[in-house]
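# Structure at a glance
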Amino acid sequence: MNPLPPEPNPQELKSESIKIVIMRFSAGALTGALIAAVYWSYADWFGTSQSLTINIIGSLTLALVCGFFTYKWGYKMIDILLSSLHLD
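Criteria and thresholds
- Note that residues are indexed from 1 along each chain, following the sequence as it is written.
- Side-chain atom pairs in this predicted model are given and counted only at pLDDT of 80 or more, local residue features only at pLDDT of at least 70, and totals for whole chains, interfaces and linings cover all residues.
- Only hydrogens and water are set aside when side-chain values are computed; all heavy atoms of the structure are taken into account.
- A pair of Phe, Tyr and Trp rings is counted when the ring centres sit within 6.5 Å of each other, with Trp represented by its six-membered ring. The angle between the planes then sorts it: under 30 degrees is stacked, over 60 is edge-to-face, the rest tilted.
- Counting from the N terminus, the helices are DSSP H or I runs at least four residues long and the strands are E runs at least two residues long.
- Distance and angle both matter: a charge sits over a ring if NZ of Lys or CZ of Arg is within 6 Å of the ring centre and within 35 degrees of the ring normal.
- Classification of residues uses two cut-offs on accessible area relative to the type maximum, computed with a 1.4 Å probe and protein chains only: under 20% is buried, over 50% is exposed, and between them is partly exposed.

## Side note on the packing of aromatic side chains
As enumerated under the stated definition, the model contains 2 aromatic pairs in all. Here the aromatic rings of F69 and W73 are separated by 5.6 Å at their centres, their planes lie at 55°, and the arrangement is tilted. You can see F69 and its partner W73 sitting in helix α2 (residues 52-73), 4 residues apart, about one turn around the helix. When the ring centre of Y75 is taken as origin, the NZ or CZ atom of R24, which lies over that ring, is 5.8 Å away.

Structure, rendered in structure tokens:
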């Protein structure tokens, strides 16, 4: 009879999964901030800019939403979000 392999330390698994969650959320939040910056630059270029407060609140909201999407559905969501910009 073969002995069972040692069980992994649950603390190590927990810290590794927290790092992955933070990395995913951060990547999504940076993507959201990039999309907000592109929108803001185009809005300013076409003369339809809004107040600074609304732009900052909108950028933070978009960054948080994109971060949550990436956390929930993975890095494929970043590709979908960036492809929606049509920066050709």
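What follows picks up the thread again.
## Quick word on the side chain of N55
Tracing the chain through its elements places N55 in helix α2. When its relative accessible area of 9% is taken as the criterion, N55 is described as buried.

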